[in-house]
Every structure is written in C-alpha cells, then in structure tokens.
Amino acid sequence: MLTHSVEAIAALTGVFFYRKYRNTSTRYFIYFLVYIILLEKSGSYTRYVRPDRFLEFLLGTVIQKNYWMFTIGWTVVSAMFFGFYYRKILENEAFKKVIKYTSYAFLLFSLSYILLHWDAFFNMFFPVIKVSGGIVVLLCTVFYFFETLQSDKILTFYKSVNFYISIAIFIWFLVITPMVFFDKYTSYDPLVYERDWNYIRLRSLVFLSCNIFMYLTFTFALIWCKPEND
C-alpha cells in the first residue's frame, strides 16, 4: 500500500501540474508515471491466481505468474523510456548517439534473450536483462550529470526537474540492480510457500525505502521546479 500510494501521489501530481510542463520534455515523464500505475495494477492479478479466487483458472498456465509482464513492462520499457527521455533533454550530440545505440542494442539483446529462453520467461526474472537495463539507465544519468557539470546549468541545477529525476533514478537503480542476483531466493509457487522469508522481508524493506525516496523526490520536483526549455 505504501509503494502504491507514493506511486499514485507522483502520478497524480504530474497530471495536476501537466499544464505547467506540457511544452517541455517533462510531459513524457508524466506519461511514464501514469504508465507505471497502470502496469502495477495490471501486474497485481497474481494475487487472485489462487485456489478459490476468481483467477484460479490460470493455475497451471504460463501466465499464472507475472514475471513476463514485469520483464517486458518494467525492465525493458523503463530502460527504453529513459533512453528516449535523456535523448530529449541532453544537448551533447555524442552523448545522445551513445544512448541511442546502447538502447537499441539493449532492446535487441533483450528480445533475443527472451526468445532463446522462452519457457523461463514465464517463470523467472532474467538477471542479465535487469542488469543490462540498469546500465542503460545509469549511463543516461551519468551523461546528464557530466553535461550539467560542464555547462552553465550547474549554477541553477537545484531548480531543474531533470536533476531531481536523475538523482532519484540513479540511486534507485544503483541500489536495486545488484539485488537481482538474489531473486532466486524469492521465487514462488502459488501452492508452495517454502521460501527464504528473512531475505524476502529484507528485500521488501529495501524496495520500499527506495520506492518511497524515488517517488517522493519526483513529487517534490514536479511541484517545486519550473519548466525548462528543451
């Protein structure tokens, strides 16, 4: 509930202040926040894939778990979105080209890897895709910070909505990405509950803390910052 609440607050704030940013690239970021809400709501269908619940008929099918949805809907789409977004806000053409080709290479690699591991696609997350996507996002933010340091933007960086967005996603992906190597300890079966609950609780706390920090930072930035010329 806390995670969904801060996500909703950020998205609703973006919608409320949309007119302020409608002529800037920030509008695409607001679209993305709304998309995340829709994805989270759709992905929560698994809580009803249980005996005596209305999606019980999905038990035993390839989509009884939502790994496939979040692999594509979050891991792949978020990396591609930030690749697109930073090409909009960066001015350095060399940086933009690197991000463009890195993003396309990531997309091609991810789709190829999924096709080659089609059965596993519905039963697990792919650490290699998560790490690759995290690298794309971190590369985008590093280029943004580097460009800011080398321009007059450094004088007013604290007023930039893109600065706060970059800080938030940089810290989130930096903390969360390495945890994918331990995802096997959270794997589940709807009828079997023998999992490493101590690690699951720790993982949930880390995710919760990072999500609250990231989405509240987005909310603050959308409210406090002024629109930037693209």
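Since this is a predicted model, take the numbers as computed values, not measurements.

### Remarks on the overall build of the chain
Step number 1: Across its full length, the chain carries nine helices and zero strands.
Step number 2: What you see in the chain, going N to C, is helices and strands ordered as α-α-α-α-α-α-α-α-α.
Step number 3: The C-alpha atoms of the chain give 19 Å as radius of gyration, which agrees with the globular expectation for 230 residues (17 Å, within 12%).
Step number 4: Referenced to the eigenvectors of the C-alpha coordinate spread, the extents of the chain come out at roughly 60 × 35 × 30 Å.
Step number 5: Buried residues in the chain amount to 45% of all 230 residues.
Step number 6: Pairs at least 24 residues apart make up 73% of the contacts formed inside the chain by residues separated by at least 6 positions.

### With respect to the packing of helix 4 (residues 67–89) against helix 8 (residues 161–176)
Step number 1: Across the interface, helix 4 lies against helix 8 with an axial gap of 13 Å and an inter-helix angle of 150°. Comparing their axes, helix 8 and helix 4 come out roughly antiparallel. Pair helix 4 / helix 8 crosses with left-handed handedness. Taking contact as the criterion, the partners of Trp74, Ser78, Phe82, Tyr85, Tyr86 and Ile89 in helix 4 are, on helix 8, Asn162, Ile165, Ser166, Ile169, Trp172 and Phe173.
Step number 2: When the residues that make up the contact of helix 4 with helix 8 are grouped by side-chain class, the tally is nine nonpolar, three polar and no charged.

### Brief notes about the pattern of salt bridges
Step number 1: Taken as a whole and judged by the stated rule, the model has three salt bridges.
Step number 2: Lys96 serves as the salt-bridge partner of Glu93, at 3.7 Å between the closest nitrogen and oxygen. Remark: Lys96 and Glu93 occur in helix 5 (residues 93–116); sequence separation between them is three residues, near one turn of the helix.
Step number 3: Linking Lys153 and Glu147 is a salt bridge whose minimum nitrogen-to-oxygen distance equals 3.3 Å.
Step number 4: Since its relative accessible area comes to 9%, Glu147 is described here as buried.
Step number 5: Residues participating in the shared-partner salt-bridge network are Glu91, Glu147 and Lys153.

### Let's talk about the packing of aromatic side chains
One pair of aromatic rings is described through two measures. These are the centre distance and the angle between the planes.
Step number 1: Applying the stated criterion to the full structure yields 38 aromatic pairs.
Step number 2: Note on Phe95 and Phe146: the rings are 5.9 Å apart at their centroids and 65° apart in plane angle, and the pair reads as edge-to-face. You can see Phe95 sitting in helix 5 and its partner Phe146 sitting in helix 7 (residues 127–149), a full 51 residues away along the chain.
Step number 3: By relative accessible area, Phe95 is classed as buried at 14%.

### Quick word on the confidence of the model for the chain
Step number 1: Per-chain confidence: the chain averages 90 in pLDDT, with 93% of residues scoring 70 or above.
Step number 2: Mean pLDDT values over the elements of the chain span from 91, in helix 9 (residues 197–224), up to 97, in helix 5.

### Observations concerning the nonpolar core
Step number 1: Core analysis: the largest hydrophobic core is formed by 64 residues, its most contacted members being Phe82, Tyr86 and Phe218.
Step number 2: When contributions to this core are tallied by element, the ones reaching two or more residues are helix 1 (2–16), helix 3 (26–43), helix 4, helix 5, helix 7, helix 8 and helix 9.
Step number 3: With twelve residues, helix 4 is the largest single contributor of residues to this core.
Step number 4: Every residue in contact with Phe82, bar those within four places of it in the chain, is listed here: Phe29, Phe32, Val137, Cys140, Ile169 and Phe173.

### Overview of helix 5
Step number 1: Compared with an ideal rise of 1.5 Å per residue, which puts 24 residues at 34 Å, helix 5 spans 35 Å between its outermost C-alpha atoms and is within 8% of the ideal.
Step number 2: Of the positions making up helix 5, those classed as buried are Phe95, Ile99, Ser103, Phe106, Ser110 and Ile114.
Step number 3: Residues of helix 5 that are buried make contact with helix 4, helix 6 (118–121) and helix 7.

### Remarks on the environment of Lys226
Step number 1: Mapped onto the secondary structure, Lys226 falls in the segment after helix 9.
Step number 2: Taking the C-alpha atoms as reference points, Lys226 and Tyr21, separated by 205 residues in sequence, lie 8.3 Å from one another.
Step number 3: What Lys226 contacts, discounting residues up to four positions off in sequence, is Tyr21 and Lys159.

Rules and cut-offs
- Residues numbered from 1 in each chain as written.
- Predicted model: local features only at pLDDT ≥ 70, side-chain atom pairs only at ≥ 80, totals over all residues.
- Heavy atoms only, no water.
- Helix = DSSP H or I, 4+ residues; strand = E, 2+ residues; numbered from the N terminus.
- Rg over C-alpha atoms; globule rule 2.2 N^0.38 Å.
- Buried < 20%, exposed > 50% of the residue type's maximum accessible area, 1.4 Å probe, protein only.
- Contact = heavy atoms within 4.5 Å.
- Axes fitted to C-alpha atoms, helices over the stretch in contact; angles between N-to-C directions.
- Parallel < 35°, antiparallel > 145°, perpendicular 65-115°, else oblique.
- Left-handed = near helix turned anticlockwise from the far one by under 90°.
- Nonpolar A, V, L, I, M, F, W, Y, C, P; charged D, E, K, R; others polar.
- Salt bridge = Lys/Arg side-chain N within 4 Å of Asp/Glu carboxyl O.
- Phe/Tyr/Trp six-rings, centres within 6.5 Å; stacked < 30°, edge-to-face > 60°.
- pLDDT = per-residue confidence, 0-100.
- Core = buried A, V, L, I, M, F, W, Y, C linked by side-chain atoms within 4.5 Å.
- Expected span 1.5 Å × (residues − 1).

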